[in-house]
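Working through the structure, step by step
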Amino acid sequence: MTRMFALVDCNAFFVSCERVFQPHLEKKPVIVLSSNDGCAISRSNEAKALGIFMGAPLCKIKDIVIKHNVYTFSPNFSLYADMSARVMETLKVFSQQLEVYSIDEAFLDLSSIPRHELMAYGSHIKKVIKKWTGIPVSVGIGPTKTLAKVANHLAKKHPTGCYTLITPEKTATILKDFPLQDVWGVGAQWSKKLSSLGMSSALDLAQKDTRWVGKAFNVILSRTALELRGVSCLNLEELISPKKSMISSRSFGTPIYSFEDLREAVSYHVSSLAQKLRQQGSKTSLITVSLRTNPFDRKGSFYSNTLLVPLSFPVSDTSVLIKAAASALEILFREGLSYKKVGVTVLNLSPETQRPSFLFNEMNFETSPKRESLLKAVDQLNDKHGKGSLIFASEGLIKSWKSKSSWKSPSFTQNWSQLMRVG
DNA sequence: TCTGGGGTCCTAGGACCC
DNA sequence: TCTGGGGTCCTAGGACCC
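I will try to describe carefully the structure that is included in this document. (Residues numbered from 1 in each chain as written. Chains lettered and ligands numbered in written order. Predicted model: local features only at pLDDT ≥ 70, side-chain atom pairs only at ≥ 80, totals over all residues. Heavy atoms only, no water.)

Remark on secondary structure: sheet strands pair via backbone hydrogen bonds, oriented parallel or antiparallel. Read from one edge to the other, the open sheet built from three strands follows the order E3-E2-E4, with strand pairing classed as mixed. Two strands bound the open sheet, and with one partner strand each, they are strand E3 (40-43) and strand E4 (71-73). Direction aside, neighbouring strands of the sheet carry axes that sit 25° apart on average. Bridging between strand E2 (residues 30-33) and E3 involves three bridges; their strand directions are antiparallel. For valine 32, the partnering residue across the bridge sits in E3 and is serine 42. (Pairing = 2+ DSSP bridges. Helix = DSSP H or I, 4+ residues; strand = E, 2+ residues; numbered from the N terminus. Axes fitted to C-alpha atoms, helices over the stretch in contact; angles between N-to-C directions.)

What follows concerns the packing of helix H12 (residues 259-280) against helix H15 (residues 369-385). Relative to each other, H12 and H15 sit at 100°, their axes nearing to 11 Å. One finds that H12 runs roughly perpendicular with respect to H15. Contact residues: H12 offers Gln275, Arg278 and Gln279, while H15 offers Leu375, Asp379, Asn382 and Asp383. Class assignment for the residues of the contact of H12 with H15 results in one nonpolar, three polar and three charged. (Parallel < 35°, antiparallel > 145°, perpendicular 65-115°, else oblique. Contact = heavy atoms within 4.5 Å. Nonpolar A, V, L, I, M, F, W, Y, C, P; charged D, E, K, R; others polar.)

Another point: the packing of aromatic side chains. Under the defined criterion, the tally for this structure stands at 15 aromatic pairs. Pairing phenylalanine 13 with phenylalanine 14 gives two aromatic rings, centres 5.9 Å apart and planes at 55°, and the pair type is tilted. Between the aromatic rings of phenylalanine 21 and phenylalanine 412, the centroid separation amounts to 4.6 Å while the plane-to-plane angle is 5°, which identifies the pairing as stacked. Here the residue phenylalanine 21 occupies a position in helix H1 (residues 13-21), and phenylalanine 412 occupies one in the segment after H15, the gap between them amounting to 391 residues. (Phe/Tyr/Trp six-rings, centres within 6.5 Å; stacked < 30°, edge-to-face > 60°.)

The next point concerns the protein's contact with DNA strand C. Around DNA strand C, the surrounding shell holds 14 residues, and the nearest of these are Glu105, Lys149, Gly185, Gly187 and Trp190. When atoms of DNA strand C within 4 Å of the protein are sorted by moiety, sugar and phosphate together comprise 100%. The backbone of glycine 185 places a nitrogen or oxygen atom 3.0 Å from a phosphate oxygen of DNA strand C. Between a phosphate oxygen of DNA strand C and a main-chain N or O atom of glycine 187, the distance comes to 3.0 Å. Of all the secondary structure elements, the ones that give two or more residues to the surface near DNA strand C are strand E5 (98-102) and helix H8 (188-196). Top contributing element to the surface near DNA strand C by residue count: H8, with three residues. Taken together, the residues that form the surface near DNA strand C break down as seven nonpolar, four polar and three charged. (Near = heavy atom within 4 Å. Polar contact = N/O pair within 3.5 Å; in protein donor to acceptor, adjacent residues only side chain to side chain.)

What follows covers the protein's contact with DNA strand B. Looking at DNA strand B, there are 22 residues lining it, with Ser34, Cys59, Ile247, Ser249 and Ser251 nearest. Near the protein, within 4 Å, the atoms of DNA strand B are sugar or phosphate in 79% of cases. Side-chain polar atom of arginine 223 to a phosphate oxygen of DNA strand B: 3.4 Å apart, as the coordinates give it. Between DNA strand B and the protein, one listed contact pairs a phosphate oxygen with a side-chain N or O atom of lysine 340 at 3.2 Å. Within the residue set of the surface near DNA strand B, elements represented by two or more residues are helix H11 (219-228), strand E9 (246-256) and strand E12 (339-347). Per-element tally for the surface near DNA strand B: the top contributor is E9, with six residues.

In this section: the sheet that holds strand E6 (residues 105-109). Sheet architecture is open: five strands sit in the order E5-E6-E1-E7-E8, paired in mixed fashion. Taken across any chain shown, the strands that pair with only one partner, and hence form the sheet edges, are E5 and strand E8 (162-164). Strand-to-strand, the axes of this sheet are offset by a mean angle of 15°, without reference to chain direction. As paired strands, E5 and E6 are joined by four bridges and run antiparallel to one another.

The next point concerns unusual backbone geometry. Positive phi is not limited to glycine here, since alanine 12 has a value of about 35°. In this structure, alanine 12 sits in the loop between strand E1 (5-10) and H1. According to the relative accessible area criterion, alanine 12 is partly exposed, its value standing at 24%. (Buried < 20%, exposed > 50% of the residue type's maximum accessible area, 1.4 Å probe, protein only.)

This brings us to the pattern of salt bridges. Overall, the coordinates contain ten salt bridges when judged by the stated rule. The shortest N-O distance in the salt bridge between lysine 92 and glutamate 89 comes to 2.9 Å. The class of lysine 92 is partly exposed, set by a relative accessible area of 38%. Here arginine 211 ties to aspartate 209 by a salt bridge, and the two come within 3.5 Å at their closest N and O atoms. (Salt bridge = Lys/Arg side-chain N within 4 Å of Asp/Glu carboxyl O.)

A word on the pairing of strand E10 (residues 282-293). Among the twelve residues of E10, nine are classified as buried, and the element is accordingly described as predominantly covered. The pairing of E10 with strand E13 (residues 350-351) spans two bridges and is antiparallel. Following the sheet pairing, lysine 283 is matched in E13 by serine 350. Pairing of E10 with strand E11 (residues 304-315), which is carried by eight bridges, proceeds in the antiparallel orientation.

Have a look at this one:
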């Protein structure tokens, strides 16, 4: 039996989340900005119609925003995460086999639904999600994940918000006019190269010999070519696999000059990563610190550098990681520069249950039960009273390095005092 | 005023070993 | 003149995704 996948994608997700709690924003141009109020990362249809592009820097669209009274929000990621969880929970009603692909997208296995009912089933999903969560979605259905993605593109423009690509004939007709750069897995670089080789539509790639594609590009793109042809190569990944790396980084609201401020910012990132490591039940044995000045600043010379610090054993202890990161920062820091961003990455993650046999005394500090229960208590307090309730001293209290966030909506789903009031 | 943040996978090439 | 060949592991870099 051929398989059948649906891709359910939330429309302008962050904007839609804001609208659920502020219904007066319906039909109005709305945008949500990136961290630091940098650029537009989610746009309502009305905002798109005004010519606001994905990733447009706020400073460059300021005139449009003022002239057309575009409602502008700083990002409220915990709100979006909560709304995402509601959408995903609701989706489970329609298929037990579900892959949460990103914060606003999920693949569903619909192989068991009769072919002639798929269109109606897709429309039904859309209606129920809207009714139960307030979020509008588009549904694309096809025999492979890549074709479901293509169908979803078309669904966004279709009045029903649902589109199916079931027969090979219809699929070929659609792919003939479907630009290659819009295919899932084909980015800017490859579409440029493909175009120079004479391919411009998705059908061109689908009809190419896959071995040739594999040689000229790689196995990923040859898989994409097969999927476009209707051969399913990518399975539904229902299990959420543990992360193999984690990043915490942020641009500063205003440039930072002092080592002390940088160290506080780095400590903050490390602390947040360490907590996420413990949440996932992982430890890291490689931490990297990177910092850079503003790459867009024409005056000063650009400085960007990263340092890897291998740890002698896997850890998730905040203090141990802060020490390692601070020593890296000392090496990276150059006096007199105006820094714009720091970031910390933890790699080589391993399950915390997988412990190496101990040879050295230094292990004792990290693994002592007292130490572990202390960190557990810190995590529990922060869970209960909100992130940042209890922090490590090195994170600092002033946070002069924090990001800009001028127009953040209230914590509608997180904080009792900020719940919506009715009547 | 000034351009996000967080991930994954694949490949080539070097180091090292026998 | 000749100076192996094959395997594994690791890393950096490049591509992609949201």
